[in-house]
Amino acid sequence: MTDTPDLTATITETVSRYLHLIATGTADQILELFAEDASVEDPVGTAPRVGSTEIREFFASLGALERTTTLQSLRVCGQEAAFQFRIAFDAGDGPLHLEPIDIMTFDVDGKITSVRSFFSASDIKAAE
């Protein structure tokens, strides 16, 4: 019988760090949370970005935005996490927010191996 380590604390910390870096970090800092061959499908239904180069390019687009993030709900089961968060940003047309639900998988070292972000364009709302 193989013992699988309990990664709940590690995954919880990684999700927290991920959201902090989405709000304040660089693409390279975010990339440090990912396994080498990870994938990001954001939003679900778009072509996944696979590997360090594609993932770095994806997160580099955040650099020009003023943004904040707030965790709303998190569930960790085994080597997976599901969470909802709010990201508030201004893309030039005034303040907006989005509340995606993300599903992440992790390797045994707590590195992110995949992200699937559930939302559509209609979920982007003007800030209240």
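The structure this text deals with has already been given above.
None of these values were measured; they are calculated from a predicted model.

**Re the layout of surface pockets**
By volume, the largest pocket amounts to about 340 Å³. As for the largest pocket, its lining consists of 17 residues, and the residues nearest its centre are D42, F58, L62, I87 and L98. Of all elements in the fold, only α1 (8-24), α3 (51-60) and β4 (80-90) reach the threshold of two or more residues within the lining of the largest pocket. Per-element accounting of the lining of the largest pocket gives the leading share, three residues, to β4. Classifying every residue of the lining of the largest pocket by side-chain character gives 13 nonpolar, two polar and two charged.

**Side note on the nonpolar core**
Counting 29 residues, the largest nonpolar core has V15, Y18, F34 and F59 as the members making the most contacts within it. Mapped onto this core, the elements with two or more residues apiece are α1, α2 (27-31), β1 (34-41), α3, β4, β6 (101-106) and β7 (112-118). If one sorts the elements of this core by residue count, α1 sits on top with six residues. Apart from the residues lying within four places of it in its own chain, the contact partners of F59 are Y18, I22, A27, I30, F34 and V40.

**As for the pairing of β1**
Where β1 meets β7, four bridges bridge the pair, whose relative direction is parallel. If you follow E41 over to β7, its bridge partner there is R116. Two strands pair when backbone bridges link them, and β1 and strand β2 (residues 49-50) are joined in this way by two bridges, in the antiparallel orientation. Counterpart to S39 in the pairing with β2 is V50.

**Describing the environment of A82**
When you line up the elements, A82 lands in strand β4. A residue is classified by how much of its surface remains accessible, and A82, at 29% relative accessible area, is partly exposed. Along the chain, A82 and V15 lie 67 residues apart, while their C-alpha atoms are 9.6 Å from each other. The contacts of A82, once residues within four sequence positions are left out, are S73, L74, R75, D102 and I103.

**Comments concerning the pairing of strand β5 (residues 95-98)**
In the sheet, β4 pairs with β5 via four bridges, with the strands oriented antiparallel. Looking at β5, one finds that A88 is bridged to H97. Taking the residues that link successive antiparallel strands as the turn, the β4-β5 hairpin has four residues, and the phi of G92 there is positive, at about 110°. Pairing of β5 with strand β8 (residues 125-126) involves two bridges; the strand directions are antiparallel. Within β8, the residue paired with H97 across the bridge is K125.

About the cut-offs
Residues numbered from 1 in each chain as written. Predicted model: local features only at pLDDT ≥ 70, side-chain atom pairs only at ≥ 80, totals over all residues. Heavy atoms only, no water. 1 Å grid on protein atoms, 1.4 Å probe; cavity = no way out; pocket = protein on both sides within 12 Å on 5 of 7 lines; lining within 4 Å. Points joined across faces, edges and corners; volume = space filled by probe spheres on them. Helix = DSSP H or I, 4+ residues; strand = E, 2+ residues; numbered from the N terminus. Nonpolar A, V, L, I, M, F, W, Y, C, P; charged D, E, K, R; others polar. Core = buried A, V, L, I, M, F, W, Y, C linked by side-chain atoms within 4.5 Å. Buried < 20%, exposed > 50% of the residue type's maximum accessible area, 1.4 Å probe, protein only. Contact = heavy atoms within 4.5 Å. Pairing = 2+ DSSP bridges.

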